Amino acid sequence: MRILFIHDDFPGQYQRIVNHLAKDRNYELVSGSLSKNSNPTPIRRIEYTPHRLPHPDSHPALRYTERAVIHGQAALKAFLPLQRQGWKPDIILGHSGWGSGIFMKDLWPDAKYLAYFEWYYRTDAADVGFLDGGVSDVNEKMKIRMKNTAILQDFAAMDWGQCPTQFQATQFPEIFRNRLSILHDGVDTEFFSPNRQTELVVNGCKFRKGDPLVTYIARGMEPYRGFPQFIAAIAHLQKMNPHVHALIIGEDKVVYGLKRQDGQTFKHVALEENQLDLSRIHFVGTKPLHFLRDALRVSAAHIYLTVPFVLSWSMMEAMSTGAVVVGSDTGPLREMITDGENGILVPFHQPDELANTLNNILKHPNLYTCLGEAARKMILERYELSEMIGLYQNLIHAVASGNRPCYRTDLKVVRSD
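So, here is what we can say about the structure in this document. Keep in mind that this is a model prediction, so the values were computed, not measured.

About the thresholds
Residues numbered from 1 in each chain as written. Predicted model: local features only at pLDDT ≥ 70, side-chain atom pairs only at ≥ 80, totals over all residues. Heavy atoms only, no water. Pairing = 2+ DSSP bridges. Helix = DSSP H or I, 4+ residues; strand = E, 2+ residues; numbered from the N terminus. Axes fitted to C-alpha atoms, helices over the stretch in contact; angles between N-to-C directions. Parallel < 35°, antiparallel > 145°, perpendicular 65-115°, else oblique. Contact = heavy atoms within 4.5 Å. Nonpolar A, V, L, I, M, F, W, Y, C, P; charged D, E, K, R; others polar. Buried < 20%, exposed > 50% of the residue type's maximum accessible area, 1.4 Å probe, protein only. Core = buried A, V, L, I, M, F, W, Y, C linked by side-chain atoms within 4.5 Å. Polar contact = N/O pair within 3.5 Å; in protein donor to acceptor, adjacent residues only side chain to side chain.

Now for the sheet that holds strand 14 (residues 325-328). Taken in spatial order, the six strands of this open sheet run 12-11-10-13-14-15, and their pairing is parallel. On the outer flanks of this sheet lie strand 12 (281-283) and strand 15 (344-346), each paired with one strand and no other. Between one strand axis and the next, the sheet turns by 20 degrees as a mean value, whatever way the strands run. One ladder, built from six bridges, connects strand 10 (residues 213-220) with strand 11 (residues 245-251); its direction is parallel. Bridged to V214 within strand 11 is A246.

Given below as structure tokens:
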């Protein structure tokens, strides 16, 4: 079977399935990604380079769409030589939203198309307005709605769609949901496993399981992932516990949402606004997976806050290591965590309650060990990598053969925010 993967930052969400299929000679795999992408891959990669950015005079509501078309055009041009050589995929797997795959069916109209959908932008729910009370400007609403244009093009072209979580799938209009399989990428539970013998050295401090260490992981230090609330909670917690340390993995940047208009970073402002003992806060930047895993293994409590938005892999990896996860009481977390059973949910906007919860965990760690154990059990039962890979293979073969996919999950209602 010939499979073509399209992802601007390949392998991205396809890393696990690609690593698995690349070992099987029955598959011929080719990928497409941006030329600036430096992520390693075990398969052939064809690079594309957008010839320009959206024009500054374009309508503001169309700039995201124009960018998607430019990306799609770049990918189309990059694959034309392969198509003219007679190469043809049986199925195309494309990451939707950036536009890179929207013209692939024009090159290969007979190939099946399995689109990976992460998010559908809405003007009146989920992430929009969660932080600041809502969007009242109709022009802003128009811009938000139009961000779905490339996604809707993929819906029109695809043979089937995939979405990683139920919460994310519920963001899509109901008329599309019966053409989505809810299938997560899977968690490597063998790698992200508990180990009470792990030691982690950070800035001269050695941490073991049982030490008063709380962890926070996010690509960027931004409001979408509750970074201001987290730092405010740590300020409260330090006053209650003179021994607690906080470890932050991530970069001082904005990945999701808007930057500050004053040019300052959210990290800079948070450190200025809170009284903190910085000798007990460790900003370590981005780190390799083994460091992230070991941090989760020794963590007394892992904090994961998010507005109602795409769920991070790191949260589920934390659960897989048996960490006690304290998360925001928002839709993405409610799907994974039952409060008091396999983790703890706290209000997103109440850092004092987060601090009190963390203090209780640090004072009585043995009372919370069962939560981490239950978290790992849930991941093993529902998201274990080898199980997900098998389902993913079945899904690919079903779509490629033109059959109705063999893996479907009925959407359950996830309470909106």
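At their nearest, the axes of helix 11 (residues 313-320) and helix 14 (residues 369-382) sit 7 Å apart, and the two run at 115 degrees to each other. Relative to helix 14, the element helix 11 is oriented roughly perpendicular. Where helix 11 abuts helix 14, its residues M316, M319 and S320 lie against G372, A375, R376, M378 and I379. Classifying every residue of the contact of helix 11 with helix 14 by side-chain character gives five nonpolar, two polar and one charged.

Along the polypeptide, P223 turns up in the loop between strand 10 and helix 8 (227-240). The exposure class assigned to P223 is buried, which follows from its relative accessible area of 16%. For the pair P223 and V307, spaced 84 residues apart in sequence, the C-alpha to C-alpha distance is 8.2 Å. If we skip the residues at most four places from it in the chain, P223 touches L131, P228, F266, V307 and F348.

Moving on: the sheet that holds strand 1 (residues 2-6). Across the sheet, seven strands lie side by side as 3-2-1-4-5-6-7; this open sheet has parallel pairing. The open sheet has two free edges, formed respectively by strand 3 (44-48) and strand 7 (180-182), since each of these has just one partner strand. Each strand of the sheet is rotated relative to its neighbour by a mean of 20 degrees, with strand direction disregarded. Note: strand 5 (residues 112-116) against strand 6 (residues 160-163), three bridges, orientation parallel. Note on strand 6: the bridge partner recorded for L114 is W160.

Here the focus is the pairing of strand 8 (residues 199-202). Because side chains alternate across strand 8, one face comprises the buried residues L200 and V202, and the other comprises E199 and V201, none of which is buried. Of the pairings in the sheet, the one linking strand 8 to strand 9 (residues 205-208) comprises four bridges and is antiparallel in character. Looking across to strand 9, one finds that V202 is bridged to C205.

It is worth spelling out the nonpolar core at this point. With 73 residues, the main nonpolar core has L4, F79, M104, W108, V214 and F230 as its most contacted residues. Those residues in contact with V214 that sit more than four places away from it in its chain are I234, L237, V244, H245, A246, L247, S299, A301, I303 and L358. Of all hydrophobic cores here, the second largest spans 31 residues; its members include V187, L296, L311 and M319.

Bringing the side chain of H245 into the picture now. By the element assignment, H245 lies in strand 11. Given the relative accessible area of 16%, H245 is considered buried. A polar contact is formed between the side chain of H245 and the side chain of H282, at a distance of 2.9 Å.

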